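So the chains spell out like this:
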Amino acid sequence: PNPTTVNLIKNFCCTMGKGGRAETKPQAQAVWKSPYNPLAKDAPKLPSKSEIKAVIPEHCFKRSGLISMLYVVRDLTMATAFVYGTSQLLSTDVPTEPVSFLIWAFGWSNYAFWMGTILTGPWVLAHECGHGAFSDSQDFNDLIGFILHQALLVPYYGWQYTHAKHHRRTNHLIDGESHVPPTKEDNGLGENLERNTFYAAWHEAMGDGAFAAFQIWSHLFLGWPLYLLGLASTGKRDVNGEPLEGRIADHFRPESPMFPGKLRSKITLSTATVILSLMGLVYLKMEYGALPVILWYWGPYFFVNAWLVLYTWLQHTDPSIPHYGDAEWTWVKGALSTIDRDYGIFCFFHHRIGSTHVCHHLFHELPCYNALEATQHIKAFLEPKGLYNYDPTPWWKAMWRIAKTCHYVDSTEGIQYFKSLEDVPLTKDRKQD
C-alpha cells in the first residue's frame, strides 16, 4: 500500500480503544447564558418600547376576529376528532388481564397527554382574549375567552387581571406575578445558609436529582391550582401596594387582596362559573361513574395545566436571567428578561407562545399569528445589541437544568440571580467543620 494509506491505517488504529470503539474525549456542552448582564460595566443602553415597536411592520399589530375564530375552530376540531377516535379504540372499563391492562393504561395515558396538548391551544387563545389580541372588540374577546377558560376551570376575569400584572411587572422581585423568585429565607435557609427547614431541608434529605424531579412534578402538576388558590408563586404586595404579610391572595374571592373593588362582580361571576363547572363534573360522575370522568376530563386537564406552567416557568427562569428590586426595575428591563425557546411540534399546537414569548411580553396586544414575523424583526434589532434571549437548549433539558439550579435569590433588593441549593453546604458537612 502507498504511504498515505499506511498513515491512515496507523492513525485509525491509534484511535481505537477496547471493543473496537474510537476513543474520543467527551466535549463539554456549552450552557446557554443570557447575553445581557446589567451589572457589567459595558452593559448596553436599553432601547425604549417605542424604539422596539418602530422596527415591527404595522400590519403585524392588526387583529382579526375572523382569523382568531378560525384558530379556535381548528383547535376544537382537532379535540373533537381525537375524542371520537379515542372512543372507538378505548373503553373506560378496566381490563382484568395484565397485558390488556397495560395496553389500556398506555392508551389512556397517551390520550391524556395529547388531549391536554391539543386543549392548551384554546387555552392560549383565551389568554389572547384576555390581552385584547383576539379581535378589535374587547366585549367579543371577553365572551370567547370566558367560555374557553371557564371550560378548563380557569377563573377568566381573575386570571386576566393578575396576568396583566405579570406583564406590567415582569421579573420584579416583589410586584411580579407568577414564578416570583423565593428568597433564601422563604426556602428555609438561615442567615449563614444553614438548612433550617422547608425546601432547604427537603433538598438535603432527597438529594440533588430527586429534588429536581420533585421540583418538576410540583411545578407542573401542583403549581397551577396552588397559584390560583394563592398558596404559591404570587406577588408579595396587595393591590394597594401594601405587603401581604400572610394574607392569601387567591383568584376566587371578590375580596381577595390582589383585586380592586371595581372587579368584584366579575370575580364573582368567574368563581360562580367555576363552581357550576365542577358541579357539572360531579353530575357526570354520578351518572357515569368516577373513572370515565377522570379519564376523559381530569387527565387532559392536568396536562393543560402542566403546559401552561411549563411555559411561564421556562420563559422567565434561568441562572443567567436577572430579577430586579424596586430601585432597579423598569418595564423594559423586565420585558427583555424574557426568553424564547423552541418547542418543536408543540409550537403548532400552542400557537408559538413559547418561541415568540419575547415579542409577547413586549407587545401583548399583537395577535399570535403575527408573532413569528414580528419576532424576526425584534431579533434583528435586539440581537446585535446583546439584548435578545434565545436559548437553543432542548426544552426538556432546559427544564431539568432549571429544576436543579434555580431555587432561590438572596433578597428582594437590587439585581438578583437565581441560586441553587446544590451549592449550599450540607448540614452534616457543617457539623464536621
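Above this text sits the structure in question.
What comes next concerns the included structure. (Residues numbered from 1 in each chain as written. Predicted model: local features only at pLDDT ≥ 70, side-chain atom pairs only at ≥ 80, totals over all residues. Heavy atoms only, no water.)

Here we come to the overall build of the protein. Helices and strands together make up the secondary structure of the protein, namely 16 helices and four strands. The C-alpha radius of gyration computed for the protein amounts to 25 Å, which stays within 12% of the reference 22 Å derived for 433 residues, consistent with globular compactness. Out of the 433 residues in the protein, the part that is buried amounts to 47%. When the accessible area of the protein is evaluated, it comes to approximately 21800 Å², of which 61% is carbon and sulfur surface. Here the protein contributes 37 positively and 40 negatively charged side chains, and the mean placements of these two sets differ by 5 Å. (Helix = DSSP H or I, 4+ residues; strand = E, 2+ residues; numbered from the N terminus. Rg over C-alpha atoms; globule rule 2.2 N^0.38 Å. Buried < 20%, exposed > 50% of the residue type's maximum accessible area, 1.4 Å probe, protein only. Areas by Shrake-Rupley, 256 points an atom, 1.4 Å probe, with all protein chains shown as cover. Lys, Arg positive; Asp, Glu negative; His and termini not counted. Charge placed at Lys NZ, Arg CZ, Asp CG, Glu CD.)

For the rest of this paragraph, the subject is the environment of G107. Following the sequence through the fold, G107 ends up in helix α4 (residues 98-131). The class for G107 is buried, based on a relative accessible area of 15%. A sequence separation of 21 residues divides G107 from T86, and the C-alpha atoms of the two residues are 8.5 Å apart.

Moving on to a nonpolar patch on the surface. Together, W217, L222, L226, L229, L231 and I248 line one region of the surface with nonpolar side chains, adding up to about 530 Å² of accessible area. Looking at where L229 falls in the secondary structure, it is placed in the loop between α8 (208-228) and α9 (264-288). A relative accessible area of 42% places L229 in the partly exposed class. (Patch = residues over 30% accessible without salt bridge, like charges linked within 9 Å, V, L, I, M, F, W, Y side chains within 5 Å. Salt bridge = Lys/Arg side-chain N within 4 Å of Asp/Glu carboxyl O.)

Below, the discussion takes up helix α3 (residues 65-89). Along its 25 residues, α3 runs 36 Å from first to last C-alpha, staying within 8% of the 36 Å computed at 1.5 Å per residue. Every buried residue of α3 is listed here: S68, V72, D75, A79 and T86. As for α3, its buried residues are in contact with α4, α5 (138-151) and α10 (290-314). (Expected span 1.5 Å × (residues − 1). Contact = heavy atoms within 4.5 Å.)

Time to look at the nonpolar core. Counting residues in each nonpolar core, the largest one holds 47 residues, and the members touching the most others are W123, L220, W224, L310, W313, L314 and Y343. The dominant element in this core, judged by the number of residues it contributes, is α10, at 12 residues. Leaving out residues up to four positions away in the same chain, L220 has contacts with F302, N305, A306, V309, L310, W313 and M399. In this structure, C60, F61, F363 and L382 belong to the second largest nonpolar core, which totals 23 residues. (Core = buried A, V, L, I, M, F, W, Y, C linked by side-chain atoms within 4.5 Å.)

With that out of the way, let us pick up empty space enclosed by the protein. Within this structure, the stated rule accounts for three cavities of 30 Å³ or more. If you add up the space inside the largest cavity, you get close to 80 Å³. Around the largest cavity, the lining residues are H166, T170, N171, H172, G176, E177, S178, H179, V180, P181, H316 and H323. In this model, the second largest cavity occupies a volume close to 50 Å³. (1 Å grid on protein atoms, 1.4 Å probe; cavity = no way out; pocket = protein on both sides within 12 Å on 5 of 7 lines; lining within 4 Å. Points joined across faces, edges and corners; volume = space filled by probe spheres on them.)

With phi around 60°, H351 is a residue other than glycine that occupies positive phi space. Structurally, H351 is set in the loop between α12 (346-349) and α13 (357-362). For H351, a relative accessible area of 6% corresponds to the buried category.

Honestly, it's all geometry; don't read function into it.
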